[in-house]
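# Coordinate analysis (summary)
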Amino acid sequence: MTDETPETKLTVSKRRWAEQGKFLTGRIARPETDRLPPGQHLVKNWPVLDLGQQPRIQTAAWALEIVGAVENPVKLDWDAFHRLPQTDKLSDIHCVTSWSRYDNRWQGVSTHDLLDLVMPRPEAGFVMLTSYDGYTTNLPLEDFASGEGILATAWEGTPLTRDHGGPMRLVIPHLYFWKSAKWLRRIEFLVGDQAGFWERNGYHMLGDPWREQRYSGD
Ligand SMILES: Nc1nc2c(c(=O)[nH]1)N[C@H]1C(S)=C(S)[C@@H](COP(=O)(O)O)O[C@H]1N2
Ligand SMILES: [Mo]
């Protein structure tokens, strides 16, 4: 989301200087007792959080564009996206506003399979995600490539609802949920990191819940 984003009290109150951070590598296995990250509490419902504009995208008009530092830039329509290998993933959600939700069953295309298709160039180190509501968020390529990462079109066996990012959203469960762009429209592979919407407004450039990387100074 760029300059045309209206500033709400929420965005103003959360504004901080974003900083370029040091990034973690990979994900470490954690014992079950460590399942809930620090400062989080469990919920059974599934809250809806976004900037308040939930775009309505018919699948006939939907496309996912992949650009930047890749060998094979593509624009996939709904049918082409469904011709990619379809995968199931089970994962937990950790929202920076402190709720976590266990055991979400996602269906869609794994980020691994997407990377196999587009083939990032060696210099690609980061991705910038852009959504149909104008939202943006950034993350390191190695986190996007997590074995848990999925471009999800269904949740618990039913098509992803519009309020949760349908027809398609990203899910990168080992980072705070603001990195999991709803209504995803575009993935740009970058050589250097750039800040997305919340990252420009003081949120952490990586956002690892296990290190409580909520704000840029954490
Ligand atoms: N396109 C888009 N994606 C987004 C957001 C948004 O405002 N727009 N909000 C993020 C935030 S802050 C969170 S916590 C999760 C919430 O997803 P949910 O509404 O499905 O729980 O979506 C993330 N992805
Ligand atoms: Mo969030």
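Quantities reported herein were computed from a predicted structural model and do not represent experimental measurements. (Residues numbered from 1 in each chain as written. Chains lettered and ligands numbered in written order. Predicted model: local features only at pLDDT ≥ 70, side-chain atom pairs only at ≥ 80, totals over all residues. Heavy atoms only, no water.)

## Quick word on the overall build of the chain
Looking only at helices and strands, one finds five helices and eleven strands in the chain. For the chain, the share of sequence-separated contacts (at least 6 apart) that also reach a separation of at least 24 residues comes to 72%. Split by element, the accessible area of the chain, about 10300 Å² in all, is 52% carbon and sulfur. (Helix = DSSP H or I, 4+ residues; strand = E, 2+ residues; numbered from the N terminus. Contact = heavy atoms within 4.5 Å. Areas by Shrake-Rupley, 256 points an atom, 1.4 Å probe, with all protein chains shown as cover.)

## A look at the environment of Gly39
Among the secondary structure elements, Gly39 is positioned in the loop between α1 (9-13) and β1 (41-42). For the pair formed by Gly39 and Thr97, sequence separation is 58 residues and the distance between their alpha carbons is 9.5 Å. In contact with Gly39, other than residues within four places in its own chain, are Ser98, Glu212 and Arg214.

## Re the site of ligand 1
Close contacts around ligand 1 come from 20 residues, with Pro47, Asp133, His164, Arg169 and Lys182 the closest. With respect to ligand 1, the side chain of Asp133 contributes an N or O atom lying 2.8 Å from a nitrogen atom. The contact in question runs from an oxygen atom of ligand 1 to an N or O atom on the side chain of Arg169, over 2.7 Å. In isolation ligand 1 exposes 530 Å². Once the protein is present, 97% of that is buried. If you map ligand 1 onto the pockets, it falls in the largest pocket. Classifying every residue of the shell around ligand 1 by side-chain character gives 13 nonpolar, three polar and four charged. (Near = heavy atom within 4 Å. Polar contact = N/O pair within 3.5 Å; in protein donor to acceptor, adjacent residues only side chain to side chain. 1 Å grid on protein atoms, 1.4 Å probe; cavity = no way out; pocket = protein on both sides within 12 Å on 5 of 7 lines; lining within 4 Å. Sits in = over half its atoms within 2 Å of the grid points. Nonpolar A, V, L, I, M, F, W, Y, C, P; charged D, E, K, R; others polar.)

## Section: the side chain of Ser131
Within the secondary structure, Ser131 is located in strand β6 (residues 126-131). Overall, the relative accessible area of 1% leaves Ser131 in the buried class. Polar side-chain contacts of Ser131 include one of 2.7 Å to the backbone oxygen of Lys182. When sequence neighbours within four positions are dropped, the list of residues in contact with Ser131 reads Ala181, Lys182, Trp183, Leu184 and Arg185. (Buried < 20%, exposed > 50% of the residue type's maximum accessible area, 1.4 Å probe, protein only.)

## Here's the deal with the sheet that holds strand β2 (residues 63-68)
Spatially, β3-β2-β11-β6-β7 is the arrangement adopted by the five strands of the open sheet, whose pairing is mixed. Since the sheet does not close on itself, it has two edges, and those belong to β3 (74-77) and β7 (136-140), each with one partner. Recorded for the sheet is a direction-independent mean angle of 15° between the axes of neighbouring strands. Inspection of the sheet shows β6 paired to β7 by five bridges, in the antiparallel sense. (Pairing = 2+ DSSP bridges. Axes fitted to C-alpha atoms, helices over the stretch in contact; angles between N-to-C directions.)

## Focus on the layout of surface pockets
Sizing a probe to match a water molecule and rolling it over the atoms shows the empty space that remains. Volume-wise, the largest pocket comes out at about 400 Å³. In this structure, the largest pocket is lined by 25 residues; those nearest its centre are Leu49, Asp50, Tyr135, Trp178 and Trp198. Tallied by class, residues from the lining of the largest pocket come to 16 nonpolar, four polar and five charged. (Points joined across faces, edges and corners; volume = space filled by probe spheres on them.)

## A few points about the packing of aromatic side chains
Tallying each qualifying case throughout the model produces twelve aromatic pairs. Measuring from centroid to centroid gives 6.4 Å for Trp99 and Phe177, while their planes differ by 80°, and the two rings are edge-to-face. Placement of the pair is Trp99 in strand β5 (residues 99-110) and Phe177 in the loop between β10 (169-171) and β11 (184-190), with a sequence separation of 78 residues. Phe177 carries the same exposure label as Trp99, and that label is buried. (Phe/Tyr/Trp six-rings, centres within 6.5 Å; stacked < 30°, edge-to-face > 60°.)

## A few points about the pairing of β11
Walk down a regular strand and you will see the side chains alternate between the two sheet faces. As judged from the four bridges shared by β2 and β11, these two strands associate in the parallel manner. In the strand pairing of β11, Val67 is matched with Glu188.

## Brief notes about the pattern of salt bridges
Under the criterion given, the structure shown has seven salt bridges. For the salt bridge of Arg35 with Asp103, the shortest nitrogen-to-oxygen distance reads 2.9 Å. Linking Arg35 in the loop between α1 and β1 with Asp103 in strand β5, this pair joins segments that are 68 residues apart in sequence. On the accessibility criterion, Asp103 (40% relative accessible area) is partly exposed. The shortest N-O distance in the salt bridge between Glu212 and Arg214 comes to 2.9 Å. Given a relative accessible area of 10%, Arg214 falls into the buried group. Connected via shared salt-bridge partners are Arg35, Asp92 and Asp103. (Salt bridge = Lys/Arg side-chain N within 4 Å of Asp/Glu carboxyl O.)

So far we have only geometry, and geometry alone does not tell us how the molecule works.
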